[in-house]
Amino acid sequence: MTVREPEWTEQDRAEILALGLYRSQMCPLHGGPLEECTSHEETGAQFEASRSTCRAQLALIEAQRAADDGKKPSPYAGARLWTLRKRG
Ligand SMILES: [Zn+2]
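What counts, and where the lines are drawn
Residues numbered from 1 in each chain as written. Predicted model: local features only at pLDDT ≥ 70, side-chain atom pairs only at ≥ 80, totals over all residues. Heavy atoms only, no water. Donors = N, O, S within 2.8 Å, 3.2 Å for Na, K, Ca; no water. Helix = DSSP H or I, 4+ residues; strand = E, 2+ residues; numbered from the N terminus. Buried < 20%, exposed > 50% of the residue type's maximum accessible area, 1.4 Å probe, protein only. Contact = heavy atoms within 4.5 Å.

**Quick notes on the coordination of the zinc ion**
Six octahedral donors around a metal ideally make angles of 90 or 180 degrees; four tetrahedral donors ideally make 109.5 degrees.
Part 1: Protein coordination at the zinc ion: the donors are Cys27 (SG), His30 (ND1) and Cys37 (SG), at 2.2 to 2.4 Å from the metal.
Part 2: All donors to the zinc ion come from one chain, and their sequence spacing reads C-x2-H-x6-C. Taken together, the positions of Cys27 in the loop between α1 (10-24) and α2 (34-37) and Cys37 in helix α2 put the pair 10 residues apart, joining distant regions of the chain.

Encoded structure:
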């Protein structure tokens, strides 16, 4: 019988469980604590939205639109692999 080292240590398992628990308490929409954004509107946390633009994602969207040459996106567009790299 061969005894192998387990791939995951007890510490790894504890950490992944803790990460899962942490993530389950975060809002999938805004990324903050669910407890805050689902609290009562009058007694809970207040929020203020602001807007900025991810220029990296903007460059990607522009490249994707240019690839379609102003036409309706190809039904295969979802299979395209795009690479985004920082210049300079
Ligand atoms: Zn939320």
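**Focus: the environment of Arg51**
Part 1: Relative to the elements of secondary structure, Arg51 occurs in the loop between α2 and α3 (55-67).
Part 2: The exposure class of Arg51 is exposed, given its relative accessible area of 80%.
Part 3: It is 23 Å that separates the C-alpha atoms of Arg51 and Arg85, two residues lying 34 residues apart in sequence.

**A word on the environment of Arg80**
Part 1: Here Arg80 lies in the segment after α3.
Part 2: Sequence separation between Arg80 and Gln64 is 16 residues, and the spatial gap between their C-alpha atoms is 9.4 Å.
Part 3: If sequence neighbours within four positions are ignored, Arg80 has contacts with Ala67, Asp68 and Ser74.

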